[in-house]
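If you want the building blocks of each chain, they are given just below.
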Amino acid sequence: MCERLDEPLRLPLLAGLTGLSQHAFLRRFAREFGCTPHAYLTHLRLERAKALLVAGDLPVTEVCAQVGFESLGSFSSLFARRVGESPLRYRTSVRAVIQVPDQIFGPRIPYCFRTLLTSRNFGEARARCGW
Amino acid sequence: MIKRLSHVTVWVFDQDLAKTFYVDKLGMQVREDQKMGDKMRWLTVGPKEQPDMQIALLLPSAGPLMDAETAASLRTLVEKGALSAGVLETDDVRRDYEELVKKGVTFRTPPVEQFYGIEAILKDPFGNWFSFTQSKPH
């Protein structure tokens with residue numbers, strides 16, 4: 001589940017991995033995790049979304065897509081309900097308190113390649129990279 | 001001390017086409033292919049037998065690095081064949097030349113004997129060119 005956050009939940013596949021019937025799998029899952037696989041996946045998706053928001057510069061639509069939500073609206077409202085603020089507000093308020101490296105996850109894109117190719121603030125990007 | 005070259009840039013104008021060319025035609029591997037910001041895509045490839053080097057196939061576009069005019073000039077330079085992208089080594093240039101031509105790869109020159117080996121000049125779909133060389137042992 002962790003590795004396929006962006007894919008829909010596939011109960012038959014998950015149950016198959018454990019060798020249990022779907023019914024037995026659901027019961028066992030509830031006993032171990034105290035929730036349904038769907039609820040657990042949603043939890044994982046939101047945690048991953050929080051990490052992506054804090055650590056990178058991905059736009060919210062992209063974060064939403066990367067964690068497997070099909071609609072930006074449902075992602076944003078669920079996020080707000082669970083986390084207490086909108087995805088963008090969350091990014092800003094966490095960054096106001098702690099400094100996070102630009103990119104913790106994903107490919108190791110050299111900083112100035114990333115900055116010089118993607119930043120919207122041209123002057124600041126150039127200054128930071130010594131242009 | 002500088003230990004090795006880990007990344008090198010090749011400017012391309014269409015990253016899907018670049019991926020097809022470098023991977024499907026030249027037989028390289030995708031190393032990284034990830035969206036970067038809103039529009040840009042970090043696409044790197046490298047030869048299968050050289051896992052610690054990657055070629056970043058980047059799109060010249062207006063941004064902090066260059067303005068629109070510079071991006072257009074860069075494009076012209078690539079298209080005119082002014083930018084050499086490096087040397088690709090092979091163990092059998094004549095065989096690979098035949099195979100690559102069949103796959104639709106263009107060469108500026110076919111394999112030619114030089115004192116250092118046999119060399120052809122390979123061109124990517126945008127105009128970047130590589131010396132494609134079967135080296136003689138030193």
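The rules behind the values
- Residues numbered from 1 in each chain as written.
- Chains lettered and ligands numbered in written order.
- Predicted model: local features only at pLDDT ≥ 70, side-chain atom pairs only at ≥ 80, totals over all residues.
- Helix = DSSP H or I, 4+ residues; strand = E, 2+ residues; numbered from the N terminus.
- Buried ≥ 20, exposed ≤ 12 C-beta atoms within 10 Å, placed from the backbone.
- Contact = placed C-beta atoms within 7 Å.
- Nonpolar A, V, L, I, M, F, W, Y, C, P; charged D, E, K, R; others polar.
- Pairing = 2+ DSSP bridges.
- Axes fitted to C-alpha atoms, helices over the stretch in contact; angles between N-to-C directions.
- pLDDT = per-residue confidence, 0-100.
- Core = buried A, V, L, I, M, F, W, Y, C linked by C-beta atoms within 7 Å.

### Regarding the overall build of chain B
Step number 1: In terms of helices and strands, chain B carries three helices and eight strands.
Step number 2: Order of helices (α) and strands (β) in chain B, N terminus to C terminus: β-α-β-β-β-α-β-α-β-β-β.
Step number 3: Within the span of chain B, comprising 138 residues, buried residues form 28% of the whole.
Step number 4: By sequence separation, contacts in chain B at least 24 residues apart represent 45% of the contacts at least 6 residues apart.

### Notes on the interface of chain A and chain B
Step number 1: Across the boundary between the two partners, chain A contributes 17 residues, which contact 14 residues of chain B.
Step number 2: Mapped onto the side of chain A that touches chain B, the elements with two or more residues apiece are α7 (111-118) and α8 (122-128) of chain A.
Step number 3: In terms of residue class, the side of chain A that touches chain B is built from nine nonpolar, four polar and four charged.

### Comments concerning the environment of T61(A)
All names here are of chain A.
Step number 1: Along the chain, the position of T61 falls in helix α4 (residues 60-66).
Step number 2: With 14 C-beta atoms packed within 10 Å, T61 lands in the partly exposed category.
Step number 3: For the pair formed by T61 and L72, sequence separation is 11 residues and the distance between their alpha carbons is 6.2 Å.

### Quick word on the sheet that holds strand β1 (residues 7-11) of chain B
Step number 1: Taken in spatial order, the four strands of this open sheet run β1-β4-β3-β2 (chain B), and their pairing is mixed. Two strands bound the open sheet, and with one partner strand each, they are β1 and β2 (29-36) of chain B. Sheet twist, expressed as the average angle between the axes of neighbouring strands with direction ignored, equals 25 degrees.
Step number 2: Two elements, strand β3 (residues 40-46) of chain B and strand β4 (residues 54-58) of chain B, share two bridges in a ladder whose sense is antiparallel. Looking at β4(B), one finds that V45(B) is bridged to I55(B).
Step number 3: Together, β2, β3 and β4 of chain B form the strand contacts of α7(A), whose direction differs from that of β2(B) by roughly 50 degrees.

### Looking at the confidence of the model for chain B
Step number 1: Averaged over every residue, the pLDDT of chain B is 94; the share at 70 or more is 100%.
Step number 2: Model confidence for the complex: the whole-complex pTM is 0.62, and ipTM, which rates the interface, is 0.79.

### What about the sheet that holds strand β7 (residues 117-123) of chain B?
What links the strands of a sheet is backbone hydrogen bonding, and the strands pair in either a parallel or an antiparallel sense.
All names here are of chain B.
Step number 1: Judged by pairing direction, the sheet is mixed, and its four strands sit side by side in the order β5-β8-β7-β6 without closing on themselves. In the strand order of this sheet, the two ends are held by β5 (84-89) and β6 (106-114), each with one partner. Strand-to-strand twist of the sheet, defined as the mean angle between neighbouring strand axes without regard to direction, takes the value 20 degrees.
Step number 2: Across seven bridges, the pairing between β7 and strand β8 (residues 129-135) is antiparallel. Residue pairing for β8: G117 is matched across the bridge by S135.
Step number 3: The sheet strands contacting helix α3 (residues 93-102) are β6, β7 and β8, and the helix crosses β6 at an angle near 165 degrees.

### Quick notes on the nonpolar core
Residue and element names in this part refer to chain B.
Step number 1: Of all hydrophobic cores here, the largest spans 29 residues; its most connected members are V10, V12, A18, Y22, L57 and L58.
Step number 2: Listing elements by their share of this core, those giving two or more residues are β1, α1 (15-25), β3, β4, α3, β7 and β8.
Step number 3: For this core, the leading source of residues is β4, giving four residues.
Step number 4: Leaving out residues up to four positions away in the same chain, A18 has contacts with V12, L43 and L57.

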